[in-house]
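# Fold and contact review
The chain contents come next:
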Amino acid sequence: SSGFIDNSNCLYLVQGGNVINLFTNQHFASSDEIQNDEDLAERFMLELEQRRRFEIDGIRYLVLQCGEINILSNIQSEANKVVFRFPNRPDLAARFENLLAESDVILNPIHTPMGNQGKMHKRREYLSAQNRYYFSCCNTKPADRKNNIPEGSLLNKLQYAYHNGEP
């Protein structure tokens, strides 16, 4: 990892009529960027624990920005079973599971539709399990969408909403 922090993609919370800078930004965009980078994974866990959680009216939120959903991976030979990306780091996996357990809603704003929607669907099911909600919204144009997701697909969407593992 480069160690360079890009000040774009910053998160803000609007609360009580005030715009609050969460002083956080996207840490990685693709599985290639996070794969085998344990230092980045540790920094990311710390960021999630300290800056990506907030509560509104007793509802606890956690934010994964765009490709940060790639902290998870799929085991293709096991029907795309979802697992934490670093199997050799049970400490990080436990911290991530704790974050999920302490969250009611996972927000995952995305820039453009991600590839392999079958795998993304499994990750959305996973993140919304145990009575959690998962929401994402994509800010791409429908014409761009056609290049990324097959026409007529159930997963041909710009927005996703899941609850308890179900779309």
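Read on for a plain summary of the structure. (Residues numbered from 1 in each chain as written. Predicted model: local features only at pLDDT ≥ 70, side-chain atom pairs only at ≥ 80, totals over all residues. Heavy atoms only, no water.)

### A few points about the nonpolar core
What tends to happen in soluble globular proteins is that the nonpolar side chains get buried as a cluster. Met45, Leu48, Ile71, Phe84, Phe96 and Leu127 are the most contacted members of the largest nonpolar core, which totals 31 residues. Only helix H2 (38-51), strand E6 (81-84), helix H3 (90-101), helix H4 (117-127) and strand E9 (159-163) provide two or more residues apiece to this core. Sequence-distant contacts of Leu48, defined by excluding residues within four places in its chain, comprise Arg53, Leu62, Val63, Leu64, Phe96 and Leu99. (Core = buried A, V, L, I, M, F, W, Y, C linked by side-chain atoms within 4.5 Å. Buried < 20%, exposed > 50% of the residue type's maximum accessible area, 1.4 Å probe, protein only. Helix = DSSP H or I, 4+ residues; strand = E, 2+ residues; numbered from the N terminus. Contact = heavy atoms within 4.5 Å.)

### A few points about the sheet that holds strand E7 (residues 105-107)
What the five strands build is an open sheet, ordered E3-E4-E7-E8-E9; its pairing is mixed. Among the strands making up the open sheet, the edge pair consists of strand E3 (53-56) and E9. Neighbouring strand axes in the sheet, compared pairwise and without regard to direction, differ in orientation by 20° on average. The pairing of E7 with strand E8 (residues 133-137) spans three bridges and is parallel. The residue of E8 that forms the bridge with Ile106 is Tyr134. (Pairing = 2+ DSSP bridges. Axes fitted to C-alpha atoms, helices over the stretch in contact; angles between N-to-C directions.)

### Some thoughts on the state of the cysteines
Summed over the entire model, instances satisfying the criterion amount to zero disulfides. Free of any disulfide, Cys137 has its nearest neighbouring cysteine sulfur in Cys138, separated by 7.2 Å. (Disulfide = S-S within 2.5 Å.)

Read these as geometric descriptors, not functional statements.
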